[in-house]
Amino acid sequence: TAFNRAEIEGAMKRQGIASIEPGDVVLFHTGWLRLLGKDNARFGSVGPGLGIEGARHLASLGVAMVGADNPSVEVIPFEKDSGVFEVHQILLARNGVYILENMDTSELVKDKAWEFMFTLGASRITGGVQAIINPVAIR
């Protein structure tokens, strides 16, 4: 299932978030990470995620990063009539929005931490294009 602007705005309303501002980090919790180690084939082959219209919407708001608790952030299989990893292209290549995959958002959801200060230290890998990170949420 893809989530787009309507689903993003619906979640914001339910969580009492008034707006998404330039420079914000937007994280999605799908529950998909629970499959890791239990159903690895399903975890890595399909999954809910951000759709094309949702990616365009978030990019238009000037977000700095988009992350999710799935391996691709975007919906797999891709939406009908979309390109291969088009959400990645919209966010990263066309708009410079960083993508955070496989984020463990379960504690944030458990604590209902819908808004917080997000910190992310620089990776200690020189010249890499992917890295294991240690983000911190401060409320």
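Since the model is a prediction, treat every value here as computed from it, not as a measurement. (Residues numbered from 1 in each chain as written. Predicted model: local features only at pLDDT ≥ 70, side-chain atom pairs only at ≥ 80, totals over all residues. Heavy atoms only, no water.)

1. Considering the packing of aromatic side chains
Describing an aromatic ring pair means giving the distance of the ring centres and the angle of the ring planes. Evaluation of the coordinates by the stated rule reveals 2 aromatic pairs. Note on F3 and F28: the rings are 4.7 Å apart at their centroids and 45 degrees apart in plane angle, and the pair reads as tilted. Here F28 lies in strand β2 (residues 25–28) and F3 lies in strand β1 (residues 2–3), a separation of 25 residues in the sequence. Pair check on accessibility: F3 and F28 agree, each one buried. Ring centres of F78 and F85 lie 4.9 Å apart, and the angle between their planes is 70 degrees; this geometry places the pair in the edge-to-face category. Exposure remark for F78: the relative accessible area of 28% places this residue in the partly exposed category. (Phe/Tyr/Trp six-rings, centres within 6.5 Å; stacked < 30°, edge-to-face > 60°. Helix = DSSP H or I, 4+ residues; strand = E, 2+ residues; numbered from the N terminus. Buried < 20%, exposed > 50% of the residue type's maximum accessible area, 1.4 Å probe, protein only.)

2. Structural notes on the side chain of N70
The residue N70 is located in the loop between β4 (65–68) and α4 (86–95) in this model. With residues up to four places along the chain from it excluded, the contact list for N70 reads W32, P48, G49, E101 and N102. (Contact = heavy atoms within 4.5 Å.)

3. Looking at helix α3 (residues 52–60)
Of all the positions in α3, only I52, G54, A55, H57, L58 and A59 are classed as buried. Summarising the contacts, the buried residues of α3 are in contact with β1, α1 (5–15), β2, β3 (49–50), β4 and α4. Remark: G62 follows α3 within two positions and exhibits a positive phi of approximately 80 degrees.

4. Digging into the environment of H29
In this structure, H29 sits in the loop between β2 and α2 (40–45). Residue H29 is classed as partly exposed on the basis of its relative accessible area of 36%. Distance in space between the C-alpha atoms of H29 and A68 is 5.9 Å, their sequence separation being 39 residues. Excluding anything up to four places from it in sequence, H29 contacts D69, T105, S106 and V109. A polar contact is formed between the side chain of H29 and the side chain of D69, at a distance of 3.4 Å. (Polar contact = N/O pair within 3.5 Å; in protein donor to acceptor, adjacent residues only side chain to side chain.)

5. Regarding empty space enclosed by the protein
In total, this model carries 1 cavity of 30 Å³ or more according to the counting rule given. Approximately 40 Å³ is the volume found for the largest cavity. For the largest cavity, the full set of lining residues is L50, I52, E74, V75, F78, E79, S82, G83, E86 and V87. Counted by class, the lining of the largest cavity contains 5 nonpolar, 2 polar and 3 charged residues. (1 Å grid on protein atoms, 1.4 Å probe; cavity = no way out; pocket = protein on both sides within 12 Å on 5 of 7 lines; lining within 4 Å. Points joined across faces, edges and corners; volume = space filled by probe spheres on them. Nonpolar A, V, L, I, M, F, W, Y, C, P; charged D, E, K, R; others polar.)

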